[in-house]
Amino acid sequence: MTLVLEDNLEITGHDLRLAWPLADLAAGDTASPFMRIAPVGSAARVEFTDEALAAALQDRCPDLHRTDPSASGGRLRLVLWSIAAGISVIGLAIYGVPAIAVRLAPVIPAAIEARLGGAVDGQIGKILGDPPVCDDAPARAVLDRLIERMTTDAGLPVGPAITVRRHAIANALTLPGGRVVVLSDLIDQSRTPDEFAGVLAHEFGHVAAHDPMRALLAASGSSFLLSLVLGDLTGSTIVIAVGQAAISAGYSREAENAADAYSVEVMRRSGGDATALATILERIAKDDEKGEFAGLLRSHPFTAERTTRIRTMAGTETIGRRILDETEWATLKGICRNVPAKSAT
Ligand SMILES: [Zn+2]
């Protein structure tokens, strides 16, 4: 984030560009070196600690101390920490501006995203009827090695945490904070380890792009920001809504295409069959005779165009490769052997 004082106060950052006329600016009632500046009548504001900038603003803004911009109350506050070269801006606060907030997804502090992911994870468990966690030790070891191989140099913001839960729907859900919940029927439905790994790699693509956080900010906008400020995450309606959305709604087509491309790249690099993602999507769509489009298909709509694109990106040179050998795959398939079958709801 950078602040530049010219004819306007210019604020630039990741996908963010604002220019505030100096005549409109008002300073909040803060203790030095903190300074909070907002255009009168606007919902946005910026906070910083740079004393030279503060002095320059005092000189050049005609009516800087007319009102406290925070006095109107009821506004939402999200402070994001960043460091800008040459100026010690310590935060930008955006108030009720969801369109901008969505673009801030990549810079939401990891600790906040992690906390949110934990809350949504708990909520997902409840929505699905608390399906038991599958962690047969030898299978888990195979899975952990596979994840390690797939995520090395994969450019992920966090090391993803994968939980497998016994459930009769084939799906994988990516939550904020790099959490991925795999429902065990996805493993059952996968005919090769590469089909399973291809879906997993697609989910890692969502992690890499911060898609769960983007979706959350887009869906809940300022309400999420409010719960963030109040520290009320676990029980909030937002978390419940996000849990529901993670299960039944997908991301934008652009986000899905990007995650497919990511999957192809990871599969290629990890020694797998990069076309297997297309194969499993096609087969599940074909098997879905009733057209219910549960699970994977509901959150990842199948289209011929999509699988064609995956196959085109993947090319032919990886076809038939196996990311796990037969013994490893047989072991991984038994990951739920430690928990009893749960009747489908
Ligand atoms: Zn997806």
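Scroll up for the structure.
Thresholds, definitions, all that
Residues numbered from 1 in each chain as written. Predicted model: local features only at pLDDT ≥ 70, side-chain atom pairs only at ≥ 80, totals over all residues. Heavy atoms only, no water. Helix = DSSP H or I, 4+ residues; strand = E, 2+ residues; numbered from the N terminus. Contact = heavy atoms within 4.5 Å. Buried < 20%, exposed > 50% of the residue type's maximum accessible area, 1.4 Å probe, protein only. Pairing = 2+ DSSP bridges. Axes fitted to C-alpha atoms, helices over the stretch in contact; angles between N-to-C directions. Polar contact = N/O pair within 3.5 Å; in protein donor to acceptor, adjacent residues only side chain to side chain. Left-handed = near helix turned anticlockwise from the far one by under 90°. Nonpolar A, V, L, I, M, F, W, Y, C, P; charged D, E, K, R; others polar. Core = buried A, V, L, I, M, F, W, Y, C linked by side-chain atoms within 4.5 Å. Expected span 1.5 Å × (residues − 1). Salt bridge = Lys/Arg side-chain N within 4 Å of Asp/Glu carboxyl O.

> How do you make sense of the overall build of the protein when you look at a structure like this?
Secondary structure summary: the protein contains 13 helices and 11 strands in total. Partitioning the contacts of the protein with sequence separation of at least 6, the portion at a separation of at least 24 is 69%.

> Sorry if this is basic, but what is going on with the environment of Pro-21 here?
If you trace the backbone, Pro-21 turns up in strand S3 (residues 16-21). With relative accessibility at 35%, the residue Pro-21 sits in the partly exposed group. In this structure, the C-alpha to C-alpha distance between Pro-21 and Leu-9, residues 12 residues apart in sequence, is 6.5 Å.

> I would appreciate a short explanation of the sheet that holds strand S10 (residues 170-175) in the present structure.
Backbone-to-backbone hydrogen bonds pair the strands of a sheet. The strands run either parallel or antiparallel. Spatially, the 3 strands line up as an open sheet ordered S9-S11-S10, and their pairing is mixed. Edge positions in the open sheet fall to strand S9 (161-165) and S10, since each of these has one partner strand only. Direction aside, the axes of adjacent strands within the sheet are offset by 15 degrees on average.

> Just to check I follow, could you spell out the environment of Glu-317 for this structure?
Locating Glu-317 in the fold gives a position in the loop between helix H12 (304-314) and helix H13 (326-333). The exposure class of Glu-317 is exposed, given its relative accessible area of 55%. Between the C-alpha atoms of Glu-317 and Asp-273, which are 44 residues apart in sequence, the distance is 8.6 Å. A distance of 3.0 Å separates a polar atom in the side chain of Glu-317 from a polar atom in the side chain of Arg-268.

> Please clarify how the packing of helix H9 (residues 253-269) against H12 should be interpreted in this entry.
Geometrically, a packed helix pair is captured by the angle between its two axes and the distance between the axes. The geometry of H9 relative to H12 is characterised by a closest axis approach of 10 Å and an angle of 35 degrees between their N-to-C directions. Note that H9 runs across H12; the crossing there is right-handed. Residues Arg-253, Glu-256, Asn-257, Asp-260, Ala-261, Val-264 and Arg-268 of H9 lie in contact with H12, whose contacting residues are Glu-305, Arg-306, Arg-309, Ile-310, Met-313 and Ala-314. Here the residues of the contact of H9 with H12 sort into 5 nonpolar, 1 polar and 7 charged.

> Whenever I open this one, the nonpolar core confuses me. Can you help?
Within the largest apolar cluster, 43 residues are counted, with the highest numbers of intra-cluster contacts made by Leu-143, Met-150, Val-182, Phe-196, Leu-200, Phe-204 and Ile-335. Per-element tally for this core: the top contributor is helix H6 (residues 193-208), with 7 residues. Leu-9, Leu-18, Trp-20 and Leu-64 belong to the second largest nonpolar core, which has 18 residues in total.

> Where do I start with H6 in this structure?
Because an α-helix completes one turn every 3.6 residues, residues spaced three or four positions apart along the sequence face the same direction. Under the 1.5 Å per step criterion, the end-to-end length of H6 is 22 Å for 16 residues, consistent within 8% with the ideal 22 Å. Counting buried positions over the 16 residues of H6 gives 15, a clear majority of the element.

> Can you help me understand the pattern of salt bridges in this one?
A side chain with one charge can pair with a side chain of the opposite charge if their charged atoms come near. Across all of its chains, the model carries 12 salt bridges by this definition. In this structure, Asp-144 and Arg-140 form a salt bridge, with 2.9 Å as the shortest nitrogen-oxygen distance. One end of the pair, Asp-144, and the other, Arg-140, are both in helix H4 (residues 137-151), 4 residues apart, so they sit about a helical turn from each other. Here the salt bridges share partners, and the residues they tie into one network are Arg-253, Glu-305 and Arg-309.

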